[in-house]
Amino acid sequence: MQARSNVQLLFATAVLIGSLALAGCPKRPEVLQAGPAAVGPPAATAPAPAAAQPSPQTAETPVTRPPAPAETPVQPAPAAAAPAAAAAVPGPSPVKDVFFDYDKAGIRDDQKAALNDNVGWLKGNTGAKILIEGHCDERGTAEYNLGLGERRAKAVKDYLIAAGIAADRVSTISYGKERPFVLGHDESAWKWNRRSHFVIQGK
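So, here's what we can say about the structure. Nothing here was measured: the structure is a model prediction, and the numbers come from that model. (Residues numbered from 1 in each chain as written. Predicted model: local features only at pLDDT ≥ 70, side-chain atom pairs only at ≥ 80, totals over all residues. Heavy atoms only, no water.)

Another point: the packing of aromatic side chains. The geometry of an aromatic ring pair is captured by two quantities: the separation of the ring centres and the angle between the planes. Summed over all chains, the structure comprises 1 aromatic pair. Here the aromatic rings of F99 and W192 are separated by 5.4 Å at their centres, their planes lie at 85 degrees, and the arrangement is edge-to-face. Of this pair, F99 sits in strand β1 (residues 98–99) while W192 sits in helix α6 (residues 187–193), and the two are 93 residues apart along the sequence. When its relative accessible area of 16% is taken as the criterion, F99 is described as buried. Over the aromatic face of Y175 sits the side chain of R179, whose NZ or CZ is 3.9 Å from the ring centroid. (Phe/Tyr/Trp six-rings, centres within 6.5 Å; stacked < 30°, edge-to-face > 60°. Helix = DSSP H or I, 4+ residues; strand = E, 2+ residues; numbered from the N terminus. Buried < 20%, exposed > 50% of the residue type's maximum accessible area, 1.4 Å probe, protein only. Lys NZ or Arg CZ within 6 Å of the ring centre and 35° of its normal.)

The next point concerns the pattern of salt bridges. Scanning the model with the defined rule gives 10 salt bridges in all. D137 is paired through a salt bridge with R139; the nearest N and O atoms lie 2.9 Å apart. The exposure class of D137 is buried, given its relative accessible area of 3%. The partner of D158 in a salt bridge is K154, and the shortest N-O contact between them spans 3.1 Å. One end of the pair, D158, and the other, K154, are both in helix α5 (residues 142–162), 4 residues apart, so they sit about a helical turn from each other. A single network of salt bridges, built from pairs that share partners, joins D137, R139, E187 and R194. (Salt bridge = Lys/Arg side-chain N within 4 Å of Asp/Glu carboxyl O.)

By themselves these figures say nothing about function.
Next comes the structure, spelled out in C-alpha coordinates:
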(Lines give C-alpha, C1' and ligand atoms only; values in the text may rest on other atoms or scores of the structure.)
Protein backbone atom coordinates (compact mmCIF):
# COMPACT_ATOMS: atom_id res chain seq x y z
CA MET A 1 0.00 0.00 0.00
CA GLN A 2 2.82 2.33 0.79
CA ALA A 3 4.60 1.44 -2.50
CA ARG A 4 1.51 2.37 -4.49
CA SER A 5 1.32 5.69 -2.74
CA ASN A 6 4.93 6.33 -3.63
CA VAL A 7 4.28 5.56 -7.27
CA GLN A 8 1.36 7.94 -7.38
CA LEU A 9 3.43 10.60 -5.63
CA LEU A 10 6.21 10.21 -8.16
CA PHE A 11 3.72 10.42 -11.02
CA ALA A 12 2.11 13.53 -9.61
CA THR A 13 5.51 15.09 -9.06
CA ALA A 14 6.50 14.34 -12.65
CA VAL A 15 3.28 15.82 -13.96
CA LEU A 16 3.79 18.91 -11.81
CA ILE A 17 7.36 19.32 -12.92
CA GLY A 18 6.31 18.90 -16.54
CA SER A 19 3.54 21.46 -16.14
CA LEU A 20 5.89 23.90 -14.46
CA ALA A 21 8.41 23.37 -17.19
CA LEU A 22 5.87 24.05 -19.87
CA ALA A 23 4.46 27.09 -18.09
CA GLY A 24 7.80 28.59 -17.00
CA CYS A 25 9.60 28.47 -20.31
CA PRO A 26 8.29 31.02 -22.83
CA LYS A 27 7.57 29.80 -26.26
CA ARG A 28 10.64 30.19 -28.51
CA PRO A 29 9.90 32.67 -31.23
CA GLU A 30 9.78 31.28 -34.69
CA VAL A 31 12.77 32.42 -36.78
CA LEU A 32 12.12 33.04 -40.42
CA GLN A 33 14.91 32.17 -42.75
CA ALA A 34 15.91 35.08 -45.02
CA GLY A 35 16.78 34.41 -48.61
CA PRO A 36 20.31 34.86 -49.98
CA ALA A 37 19.61 38.47 -50.98
CA ALA A 38 19.12 39.41 -47.30
CA VAL A 39 22.64 38.34 -46.30
CA GLY A 40 25.54 40.81 -46.60
CA PRO A 41 25.41 44.41 -47.89
CA PRO A 42 22.34 45.58 -49.75
CA ALA A 43 22.36 44.28 -53.25
CA ALA A 44 22.63 46.83 -56.05
CA THR A 45 19.37 47.60 -57.72
CA ALA A 46 19.20 45.82 -61.00
CA PRO A 47 19.10 48.25 -63.93
CA ALA A 48 15.80 48.72 -65.63
CA PRO A 49 15.38 47.20 -69.07
CA ALA A 50 16.81 49.29 -71.90
CA ALA A 51 13.37 50.03 -73.27
CA ALA A 52 12.26 51.52 -69.94
CA GLN A 53 15.27 53.86 -69.52
CA PRO A 54 14.73 57.43 -70.75
CA SER A 55 16.81 58.43 -73.73
CA PRO A 56 19.54 61.01 -72.97
CA GLN A 57 18.07 63.16 -75.71
CA THR A 58 14.60 63.13 -74.20
CA ALA A 59 15.99 63.91 -70.73
CA GLU A 60 17.51 67.19 -71.97
CA THR A 61 15.47 70.31 -72.63
CA PRO A 62 15.49 70.89 -76.38
CA VAL A 63 16.94 74.25 -77.44
CA THR A 64 14.84 76.09 -79.99
CA ARG A 65 16.94 78.04 -82.47
CA PRO A 66 15.49 80.50 -84.97
CA PRO A 67 15.77 79.30 -88.53
CA ALA A 68 18.68 80.73 -90.47
CA PRO A 69 17.58 83.66 -92.66
CA ALA A 70 17.24 82.82 -96.27
CA GLU A 71 19.99 84.40 -98.31
CA THR A 72 19.00 86.47 -101.26
CA PRO A 73 20.93 85.26 -104.24
CA VAL A 74 23.02 87.95 -105.83
CA GLN A 75 22.16 88.23 -109.45
CA PRO A 76 25.04 89.18 -111.71
CA ALA A 77 24.63 92.53 -113.35
CA PRO A 78 23.43 92.20 -116.92
CA ALA A 79 25.95 92.91 -119.60
CA ALA A 80 23.85 95.84 -120.83
CA ALA A 81 24.22 97.69 -117.50
CA ALA A 82 27.58 99.25 -118.37
CA PRO A 83 26.42 100.73 -121.68
CA ALA A 84 23.31 102.07 -119.94
CA ALA A 85 25.44 103.86 -117.33
CA ALA A 86 27.62 105.30 -120.04
CA ALA A 87 24.56 106.54 -121.90
CA ALA A 88 23.45 108.42 -118.78
CA VAL A 89 26.50 110.70 -118.94
CA PRO A 90 25.31 113.98 -120.44
CA GLY A 91 26.85 114.92 -123.74
CA PRO A 92 27.41 118.36 -125.25
CA SER A 93 24.42 120.66 -125.26
CA PRO A 94 22.56 120.79 -128.59
CA VAL A 95 22.16 124.58 -128.17
CA LYS A 96 25.03 127.08 -128.20
CA ASP A 97 25.94 130.11 -126.11
CA VAL A 98 25.95 133.59 -127.66
CA PHE A 99 28.76 136.07 -126.76
CA PHE A 100 28.75 139.87 -126.54
CA ASP A 101 31.10 142.83 -126.73
CA TYR A 102 32.06 144.76 -123.63
CA ASP A 103 29.12 146.70 -122.16
CA LYS A 104 26.93 145.78 -125.16
CA ALA A 105 23.66 143.85 -125.51
CA GLY A 106 23.34 143.84 -129.30
CA ILE A 107 23.68 140.56 -131.26
CA ARG A 108 27.06 140.41 -133.02
CA ASP A 109 27.13 139.27 -136.63
CA ASP A 110 29.55 136.43 -135.83
CA GLN A 111 27.05 135.06 -133.28
CA LYS A 112 24.06 134.84 -135.61
CA ALA A 113 25.17 131.47 -137.00
CA ALA A 114 25.02 129.96 -133.52
CA LEU A 115 21.62 131.54 -132.95
CA ASN A 116 20.30 130.16 -136.24
CA ASP A 117 21.48 126.67 -135.26
CA ASN A 118 19.56 127.06 -131.98
CA VAL A 119 16.44 128.10 -133.89
CA GLY A 120 16.71 124.98 -136.07
CA TRP A 121 17.04 122.72 -133.04
CA LEU A 122 14.06 124.33 -131.30
CA LYS A 123 11.92 123.90 -134.41
CA GLY A 124 12.88 120.23 -134.54
CA ASN A 125 12.09 119.75 -130.85
CA THR A 126 8.75 121.45 -130.46
CA GLY A 127 8.23 120.17 -126.91
CA ALA A 128 11.40 121.82 -125.61
CA LYS A 129 11.44 125.05 -123.65
CA ILE A 130 14.48 127.28 -123.17
CA LEU A 131 15.73 129.43 -120.29
CA ILE A 132 18.16 132.12 -121.44
CA GLU A 133 20.67 133.25 -118.77
CA GLY A 134 22.29 136.68 -119.14
CA HIS A 135 25.91 136.93 -117.87
CA CYS A 136 28.55 139.68 -117.65
CA ASP A 137 32.26 139.97 -116.87
CA GLU A 138 33.47 141.11 -113.46
CA ARG A 139 33.81 144.81 -114.27
CA GLY A 140 31.09 147.20 -113.09
CA THR A 141 28.76 147.05 -110.11
CA ALA A 142 26.56 144.09 -109.34
CA GLU A 143 23.40 146.14 -109.94
CA TYR A 144 24.59 147.42 -113.32
CA ASN A 145 25.60 143.96 -114.49
CA LEU A 146 22.26 142.47 -113.47
CA GLY A 147 20.55 144.96 -115.76
CA LEU A 148 23.07 144.36 -118.58
CA GLY A 149 22.64 140.60 -118.28
CA GLU A 150 18.87 140.97 -118.53
CA ARG A 151 19.18 143.08 -121.70
CA ARG A 152 21.45 140.46 -123.28
CA ALA A 153 19.02 137.64 -122.47
CA LYS A 154 16.10 139.65 -123.85
CA ALA A 155 17.98 140.42 -127.08
CA VAL A 156 18.48 136.71 -127.69
CA LYS A 157 14.84 135.95 -126.85
CA ASP A 158 13.65 138.57 -129.34
CA TYR A 159 15.86 137.03 -132.02
CA LEU A 160 14.33 133.56 -131.43
CA ILE A 161 10.78 134.91 -131.49
CA ALA A 162 11.47 136.81 -134.70
CA ALA A 163 12.74 133.53 -136.19
CA GLY A 164 9.45 131.78 -135.45
CA ILE A 165 9.88 130.32 -131.93
CA ALA A 166 6.79 130.75 -129.72
CA ALA A 167 7.31 133.26 -126.92
CA ASP A 168 5.87 130.91 -124.28
CA ARG A 169 8.75 128.49 -124.96
CA VAL A 170 11.43 131.06 -124.02
CA SER A 171 12.09 132.60 -120.59
CA THR A 172 14.97 134.76 -119.32
CA ILE A 173 16.96 135.40 -116.15
CA SER A 174 20.01 137.55 -115.34
CA TYR A 175 22.92 136.54 -113.09
CA GLY A 176 25.06 139.60 -113.85
CA LYS A 177 28.67 138.88 -112.90
CA GLU A 178 27.84 136.34 -110.17
CA ARG A 179 28.45 133.18 -112.25
CA PRO A 180 31.59 133.58 -114.37
CA PHE A 181 32.16 130.87 -116.96
CA VAL A 182 35.94 131.37 -116.92
CA LEU A 183 37.89 132.64 -113.90
CA GLY A 184 40.38 135.42 -114.61
CA HIS A 185 40.97 139.15 -114.48
CA ASP A 186 41.75 140.04 -118.09
CA GLU A 187 40.15 139.91 -121.52
CA SER A 188 41.11 136.26 -122.01
CA ALA A 189 38.54 135.40 -119.29
CA TRP A 190 36.13 138.33 -119.69
CA LYS A 191 35.29 137.58 -123.33
CA TRP A 192 33.86 134.18 -122.32
CA ASN A 193 31.82 135.61 -119.43
CA ARG A 194 29.91 138.17 -121.55
CA ARG A 195 27.34 135.69 -122.83
CA SER A 196 23.79 134.38 -122.99
CA HIS A 197 23.63 130.74 -121.90
CA PHE A 198 20.84 128.36 -122.99
CA VAL A 199 19.29 125.88 -120.52
CA ILE A 200 16.91 123.25 -121.91
CA GLN A 201 13.98 122.85 -119.52
CA GLY A 202 11.97 120.15 -121.26
CA LYS A 203 11.64 118.09 -124.42
